[in-house]
Amino acid sequence: MNRNPYEGLSGTIDIRAVRAAGFREVQLDTGTLRINYVVGPDNGPPLVLLPAQTATWESYQRVLVPLSKRFLVYALDVRGHGKSSWTPGEYSWRHLGADMTVFLSEVVRSPAVVSGNSSGGLLALWCAANLPLRVAAVILEDAPVFSAQMPRFRDHDRFVYGGLKHLAEALGDLQHRDLADYFRGLTLPVSETREKRVPDGFITFLSRRIQAFQTRHPGRPLDIGYFPLKLRLLLKSLSMYDPDFARAFVDGRFYDGLDHADALTRVSCPLLVLHGDWRRLPGHGLIGAMDDQDAARIRQLVPHSRYRKVHANHVIHMFKPRSFVQAVDTFFTQDVAA
């Protein structure tokens, strides 16, 4: 089993504002793996944040401080990410659900609002369906409900599936990989006839900067401070990511333990759906997490749910942090604490 080389680095928060607000980085040892997380000051009911695939708790850095003013905030590194354990061969909703069962029971201990972005939202849905006594409310932040189920994920709305397949192939060799290769051949559809590609010259430049950092800082996560924040976080999180996590989505192992429609019918707590921008293009399928029909089906299966459209990129809490914090506050005030 490949061990996460960064697992032992837990305990240091480099983001000054987060550290100054009273957050600490710690780990839960479950006996089989370590779950890395940050926890803030006890200023209210617990709020658990689950990031998207490839991302770490640091993706929430723009919202942690404002959220901590009224919540006791926990933000996790899911197994296979960040400073949590890598468990190649053991990635599925059933495995991640077991992690959350232990975390909510042994760390949080009281019913929590669980908010997840993208695949983190699907994990939050698993929690709401299977741990009703541990979940006070759930927030699905642009989660790929229905779209990330087979065979639709692979055969119809296959844009994200293709991206994960590319990631596993480009970064799958842990001993000889160049993280810049992730961008080689990567395309972003702009219209039915036009795509954007990362220029080869930039990939070469990026590769040199990465190699220079790794030479100067052996054994450290990739963190090139002068890069724009979104690129900096992407590269850092990719350097700390087990590619078998993506491979499990591609080869089908991951889907064990979660049927989206069935899980939704078992959600009895308040539920908020935050829906980002999306489009569908021939040859690519859905560019985004879910379409309007998916969102409508969620509301049909969970009649008491709330829905909010946010014109933002998939990672709403990063691209529209104020909108995200306001949505969480309003939902808690009107639907959870009322």
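Above this text sits the structure in question.
Given the structure is predicted, the values throughout are model-derived calculations rather than measurements.

Parameters and conventions
- For every chain, the first residue of the written sequence is number 1, and numbering continues from 1 along that sequence.
- Confidence filtering applies because this is a predicted model: local features only for residues at pLDDT of at least 70, side-chain atom pairs given and counted only at 80 or more, and all residues used for totals across whole chains, interfaces and linings.
- Side-chain numbers here rest on the full set of heavy atoms in the structure, without hydrogens or water.
- Paired rings are identified among Phe, Tyr and Trp, the last through its six-membered ring, by centres lying within 6.5 Å, and are further divided according to the angle between planes into stacked (under 30 degrees), edge-to-face (over 60) and tilted (the rest).
- A helix here means a DSSP run of H or I that spans at least four residues, while a strand means a run of E at least two residues long, and both kinds are numbered starting from the N terminus.
- Residue burial is assigned from relative accessible area. The probe radius is 1.4 Å, only protein chains are included, and a residue is buried under 20% of its type maximum, exposed over 50%, and partly exposed in between.
- The criterion for a charge sitting over a ring is simple: Lys NZ or Arg CZ within 6 Å of the ring centre, and within 35 degrees of the ring normal.
- Two strands qualify as a pair provided DSSP detects at least 2 bridges between them.
- Where helices are involved, their axes are fitted lines through C-alpha atoms of the stretch in contact, as for all axes, and angles between N-to-C directions lie from 0 to 180°.
- Contacts: residue pairs with any heavy atoms within 4.5 Å of one another.
- What is meant by a nonpolar core is a set of buried Ala, Val, Leu, Ile, Met, Phe, Trp, Tyr and Cys residues, joined one to another through side-chain atoms within 4.5 Å.

Novice: Please explain the packing of aromatic side chains as it appears in this structure.
Specialist: One pass over the full model with this rule turns up 19 aromatic pairs. Arranged with centres 6.4 Å apart and planes meeting at 65 degrees, the rings of F153 and F249 form a pair that is edge-to-face. Taken together, the residues F153 in helix α5 (residues 152-155) and F249 in helix α9 (residues 243-251) connect sequence positions 96 residues apart. Judged by its relative accessible area of 5%, F153 is buried. Classification of F249 by relative accessible area gives buried; the value is 3%. For the ring pair F245 and F249, a centre distance of 6.1 Å and an interplane angle of 40 degrees mean the geometry is tilted. Remark: F249 and F245 occur in helix α9; sequence separation between them is four residues, near one turn of the helix. Through a chain of ring-to-ring contacts, the aromatic side chains of Y91, W93, F153, Y161, Y241, F245, F249, F254 and Y255 assemble into a single cluster. Against the face of F146 rests R297, its NZ or CZ located 4.1 Å from the ring centre. A cation over an aromatic ring shows up here: R299 above the ring of Y307, its NZ or CZ 4.2 Å from the ring centre.

Novice: Explain the sheet that holds strand β3 (residues 46-50) here, please?
Specialist: By way of backbone hydrogen bonds, the strands of a sheet pair with one another, either parallel or antiparallel. Read from one edge to the other, the open sheet built from eight strands follows the order β1-β2-β4-β3-β5-β6-β9-β12, with strand pairing classed as mixed. One side of each edge strand has no neighbouring strand; the edge strands of this open sheet are β1 (24-29) and β12 (306-309). If you compare each strand with its neighbour and ignore which way they point, the axes differ by 20 degrees on average. Here strand β2 (residues 34-39) runs beside strand β4 (residues 72-77); their pairing, made up of four bridges, is antiparallel. Among the inter-strand pairings, V38 is bridged to a residue of β4, identified as A75. In the packing of helix α3 (residues 93-108) onto the sheet, contacts are made with β1, β2, β3, β4, β5 (112-117) and β6 (135-141), and the angle to β3 comes to roughly 150 degrees. Relative to strand β9 (residues 271-275), helix α11 (residues 292-301) is tilted by about 175 degrees, and along the sheet it contacts β9 and β12.

Novice: Is there a simple way to think about the nonpolar core in this case?
Specialist: Nonpolar side chains in soluble globular proteins tend to end up buried together. The biggest cluster of nonpolar side chains holds 77 residues, and the ones touching the most others in it are V48, Y74, L76, F103, L104 and L271. Per-element tally for this core: the top contributor is helix α4 (residues 119-130), with eight residues. Excluding residues within four positions of it along the chain, L271 makes contact with V138, L140, L264, I298, V302, H304, S305, R306 and F331. Listed in part, the 29 residues of the second largest apolar core include I15, L49, F71 and A75.

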